[in-house]
Amino acid sequence: MGILKKLAVMTISALGLAGVALAEPKAPARPTSTYTSVPEPAEDYADTGGKELTDGVYGEPHYNDERWVGWYNWTDSTRAVAITFDLGEARKLSRVRLCSLNFKAAGINPIEKFTVSFSEDGTTFENEATFTTKDDGRENGESNNGKTVMLTRNLTGTGRWVKIELIQLDRSTTHPWIFLSEVEFDSQPAK
Ligand SMILES: [Ca+2]
């Protein structure tokens, strides 16, 4: 019995060590960035800690998933939901990916288009590129079911600050929501 008990303790110890090894944090794959949005997200779909769009976690295709950040009922004087990222240093960007939710039955419509512009000082944004995305993820016609859609576009621009404006041209629907769970940039240090 004594030997068996000792073996059992050794086994548990080995499992414990393995668990610690698995829990070691991975190195960040992207430069740390902070961001602000105008307007702020809706209270019911808030951006907890102001980091949900850059934490590497995607939302499941349903509006009940708290990992989505949602905007609703922004004013007519604002043409878009504008999210401005501070990348911490001047970066040369080559691609952007937005993880969005299409869920027409819930009033979460596809993002019709978005723009990306760049700034060296955080104030003046230039080199705006516009991407039409209303048909992204629309296979075999429209669907009323929830669907996670990655909006991926190549781009060329350099700046420490990057502004993304999400544009819904038709806001006549009852619930013109915009839902995002992640924004990713491919970039390298500017030379
Ligand atoms: Ca996220």
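The rules behind each value
Residue numbers restart at each chain and count upward from 1, following the sequence in its written direction. The predicted nature of this model means local features are confined to residues of pLDDT at least 70 and side-chain atom pairs, given and counted, to a pLDDT of 80 or more, with totals for whole chains, interfaces and linings taken over all residues. Strands are runs of DSSP state E lasting at least two residues, helices are runs of H or I lasting at least four, and both sets are numbered from the N terminus onward. Neighbour density around each residue's C-beta defines its exposure: 20 or more other C-beta atoms within 10 Å make it buried, 12 or fewer make it exposed, and counts between make it partly exposed, where C-beta atoms are placed from the backbone. Residues are treated as contacting if the C-beta atoms built from their backbones sit within 7 Å of each other. Here the rule is simple: two strands pair whenever DSSP picks up at least two bridges between them.

(A) Focus on the overall build of the protein. The secondary structure content of the protein amounts to 1 helix and 7 strands. Taken from the N to the C terminus, the helices and strands of the protein come in the order α-β-β-β-β-β-β-β. Within the protein, buried positions represent 29% of all 191 residues. In the protein, the proportion of contacts linking residues at least 24 apart, taken out of those at least 6 apart, comes to 78%.

(B) Broad picture of the environment of V81. Looking at where V81 falls in the secondary structure, it is placed in strand 3 (residues 81-102). Accessibility expressed as a C-beta count within 10 Å gives 24 for V81, which makes it buried.

(C) Geometry of the pairing of strand 7 (residues 178-189). Judged from the 3 bridges that link them, strand 2 (residues 69-71) and strand 7 form a sheet pairing that is antiparallel. Opposite V69, over in strand 7, you have L180 as the bridge partner. Pairing between strand 3 and strand 7: 9 bridges, direction antiparallel. By the bridge assignment, L98 is partnered in strand 7 with V183.

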